[in-house]
Amino acid sequence: MLDEQATEILAVTDLIAERVRKLGETTLRSIGDIARRQQVKDNDQDFVTPRDMLLELRDDNLKLVQQYREVKELADAAKDNATSGIVDEWTDQAEQRAWFLFEATRGA
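Residues numbered from 1 in each chain as written. Predicted model: local features only at pLDDT ≥ 70, side-chain atom pairs only at ≥ 80, totals over all residues. Heavy atoms only, no water.

## A look at the overall build of the protein
Thinking step 1. When helices and strands are counted, the protein shows 4 helices and 0 strands.
Thinking step 2. Its helices and strands taken in sequence order, the protein reads α-α-α-α from the N to the C terminus.
Thinking step 3. For the protein, the C-alpha atoms occupy an extent of roughly 45 × 30 × 20 Å along the three principal directions.
Thinking step 4. Considering only intrachain contacts with a sequence separation of at least 6, the fraction spanning at least 24 residues in the protein is 66%.
Thinking step 5. When the accessible surface of the protein is summed, it comes to about 8,100 Å², and 55% of that surface belongs to carbon and sulfur atoms. (Helix = DSSP H or I, 4+ residues; strand = E, 2+ residues; numbered from the N terminus. Contact = heavy atoms within 4.5 Å. Areas by Shrake-Rupley, 256 points an atom, 1.4 Å probe, with all protein chains shown as cover.)

Dropping the structure here:
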């Protein structure tokens, strides 16, 4: 199931880049560019329990939901209906991942 979630996130990454290009904007250019813009912090601990890893992933997905909601507000304000509609789907996917990760950690 986690592999499916990773695949889903990677697919959305491509779709975001495609949408940005369609709007005539610039996408990420390099590893350094990614590092400068990174909002999800790396976890460089020597050991993370499986439960803590799942909780961290859940929290990351909830942060992503919030960011998608901010993008939707901006898209709505700009009357960019295409982006607004697409972001709805991405938000639903992130909420579903967060729910799954929440359920996976209950009682663990």
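## Regarding a nonpolar patch on the surface
Thinking step 1. Residues Leu2, Met53 and Leu57 make up a contiguous nonpolar surface patch of roughly 250 Å² in combined accessible area.
Thinking step 2. Turning to its location among the elements, Met53 is positioned in helix H3 (residues 50-77).
Thinking step 3. Classification of Met53 by relative accessible area gives partly exposed; the value is 44%. (Patch = residues over 30% accessible without salt bridge, like charges linked within 9 Å, V, L, I, M, F, W, Y side chains within 5 Å. Salt bridge = Lys/Arg side-chain N within 4 Å of Asp/Glu carboxyl O. Buried < 20%, exposed > 50% of the residue type's maximum accessible area, 1.4 Å probe, protein only.)

## Topic: the nonpolar core
Thinking step 1. Core analysis: the largest hydrophobic core is formed by 6 residues, namely Val12, Val65, Tyr68, Val87, Trp90 and Ala94.
Thinking step 2. Listing elements by their share of this core, those giving two or more residues are H3 and helix H4 (81-105).
Thinking step 3. With 3 residues, H4 is the largest single contributor of residues to this core.
Thinking step 4. Excluding its chain neighbours within four sequence positions, the residues that come into contact with Ala94 are Asn61, Leu64, Val65 and Tyr68. (Core = buried A, V, L, I, M, F, W, Y, C linked by side-chain atoms within 4.5 Å.)

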